[in-house]
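# Descriptive structure summary
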Amino acid sequence: MKTISENICHGGTQGVYTHASKATGGDMTFGLFLPEEAKLGEVPVLWYLSGLTCTHENAMTKAGAQGWAAEQGIALVFPDTSPRGDDVADDEAYDLGKGAGFYVNATQDPWKPHFQMWDYVAEELPALLGAEFAIDLDRQSITGHSMGGHGALTLAMAHPGRFKSVSAFAPIANPTQSDWGKKQLGAYLGDDTGQWAKHDASLQMAEVGFDGPVLIDQGDSDNFLDLLKPEALAHAMMARRQDGVFRMQKGYDHSYFFISTFMEDHVVFAAEALYA
């Protein structure tokens with residue numbers, strides 16, 4: 001692992017690191033905020049998974065999460081959204097390939113050799129964090145935006161007992177029924193739609209639910225509403241009587257202005273579960 005940068009931030013440290021990844025077959029970069037309490041011992045961690053076209057940097061610099069995390073004494077980890085490098089397959093479209101890993105393990109060429117983002121986020125990066133930093137892996141929560149909200153929800157529901165809470169900003173909620181999903185899941189996983197189901201938050205909410213609290217924020221002026229399909233997830237949560245809150249935020253769009261407005265709520269929501 002190599003340190004790219006470390007800056008004092010709200011009394012803690014905002015670092016950027018790179019490491020060789022077995023899962024993705026290349027170097028991966030991530031951001032990690034450690035509060036001041038990490039100097040004394042292990043702290044709980046909130047994962048933030050970013051959306052299409054993003055890197056580790058977007059939420060790290062735009063979401064304003066570090067101040068709230070410092071107040072709560074929790075770490076924040078900002079993974080990249082896909083493998084990178086000259087030998088990594090890509091597509092001309094912004095919503096496939098680099099920057100659009102969709103948090104799945106690709107089974108189809110040309111994506112299969114590197115696009116193993118499910119294993120990277122679920123297994124490899126947590127192990128690295130636990131080994132190299134003062135992170136308490138028994139106390140994890142997860143959140144994300146758009147594609148990252150999809151990833152946060154599906155990863156949380158697929159790993160019962162791991163995450164104390166899950167939240168999402170404008171998640172891609174029903175990708176098996178959306179052009180933000182059919183295209184990517186077909187490319188990465190093939191034509192067998194039965195393999196897509198575990199990567200659809202609405203289907204998984206109906207099938208297994210989440211063993212903890214859920215918080216969803218969605219702007220009602222989001223120009224991607226027809227692609228996100230939040231109503232499918234809201235209906236699934238209600239039908240399951242899931243412990244959770246789904247909030248439609250009047251006037252808000254899909255941008256980081258929306259995310260930064262409600263970031264405090266999501267950090268506090270996670271912290272309450274992490275320290276329960």
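Quick notes on the rules
- Residues numbered from 1 in each chain as written.
- Predicted model: local features only at pLDDT ≥ 70, side-chain atom pairs only at ≥ 80, totals over all residues.
- Heavy atoms only, no water.
- Pairing = 2+ DSSP bridges.
- Helix = DSSP H or I, 4+ residues; strand = E, 2+ residues; numbered from the N terminus.
- Axes fitted to C-alpha atoms, helices over the stretch in contact; angles between N-to-C directions.
- 1 Å grid on protein atoms, 1.4 Å probe; cavity = no way out; pocket = protein on both sides within 12 Å on 5 of 7 lines; lining within 4 Å.
- Points joined across faces, edges and corners; volume = space filled by probe spheres on them.
- Nonpolar A, V, L, I, M, F, W, Y, C, P; charged D, E, K, R; others polar.
- Core = buried A, V, L, I, M, F, W, Y, C linked by side-chain atoms within 4.5 Å.
- Buried < 20%, exposed > 50% of the residue type's maximum accessible area, 1.4 Å probe, protein only.
- Contact = heavy atoms within 4.5 Å.
- Phe/Tyr/Trp six-rings, centres within 6.5 Å; stacked < 30°, edge-to-face > 60°.

On to the sheet that holds strand E6 (residues 135-144). Read across the sheet, nine strands follow the order E1-E2-E3-E5-E4-E6-E7-E8-E9 without closing on themselves; strand pairing throughout is mixed. Both edges of this open sheet fall to strand E1 (2-9) and strand E9 (244-249), since each of them pairs with a single strand only. Neighbour to neighbour, the strand axes of the sheet diverge by 20 degrees on average, direction disregarded. As paired strands, E1 and strand E2 (residues 12-21) are joined by seven bridges and run antiparallel to one another.

In total, this model carries one cavity of 30 Å³ or more according to the counting rule given. There is about 30 Å³ of room inside the largest cavity. Listing elements by their share of the lining of the largest cavity, those giving two or more residues are helix H3 (117-132) and E6. Considering each element in turn, the lining of the largest cavity owes the most residues, three residues, to H3. Taken together, the residues that form the lining of the largest cavity break down as seven nonpolar, two polar and one charged.

Counting residues in each nonpolar core, the largest one holds 86 residues, and the members touching the most others are Phe30, Leu32 and Tyr188. Aside from chain neighbours lying at most four places away, what touches Leu32 is Thr13, Gln14, Gly15, Tyr17, Ala75, Leu76, Val77, Leu129, Phe133 and Ile135.

Secondary-structure assignment places Ala206 in helix H6 (residues 201-207). In sequence terms Ala206 and Leu274 are 68 residues apart; their C-alpha atoms lie 25 Å from each other.

Next up on the list: the layout of surface pockets. Roughly 170 Å³ of volume is contained in the largest pocket. Lining the largest pocket are Gly51, Leu52, Thr53, Cys54, Tyr94, His145, Ser146, Trp180, Phe224, His254 and Ser255. Taken together, the residues of the lining of the largest pocket break down into five nonpolar, six polar and no charged.

Summed over all chains, the structure comprises 12 aromatic pairs. Ring geometry for Phe169 versus Phe258: centroids 6.0 Å apart, planes at 85 degrees, classification edge-to-face. One end of the pair, Phe169, is in strand E7 (residues 163-169); the other, Phe258, is in helix H9 (residues 256-274), with 89 residues separating them in the sequence. In this structure, Phe169 and Phe258 share a single accessibility class: buried. What links up through ring pairs into an aromatic cluster is the set Phe169, Tyr252, Phe258 and Phe262.

Function-wise, these values are silent; they only describe arrangement.
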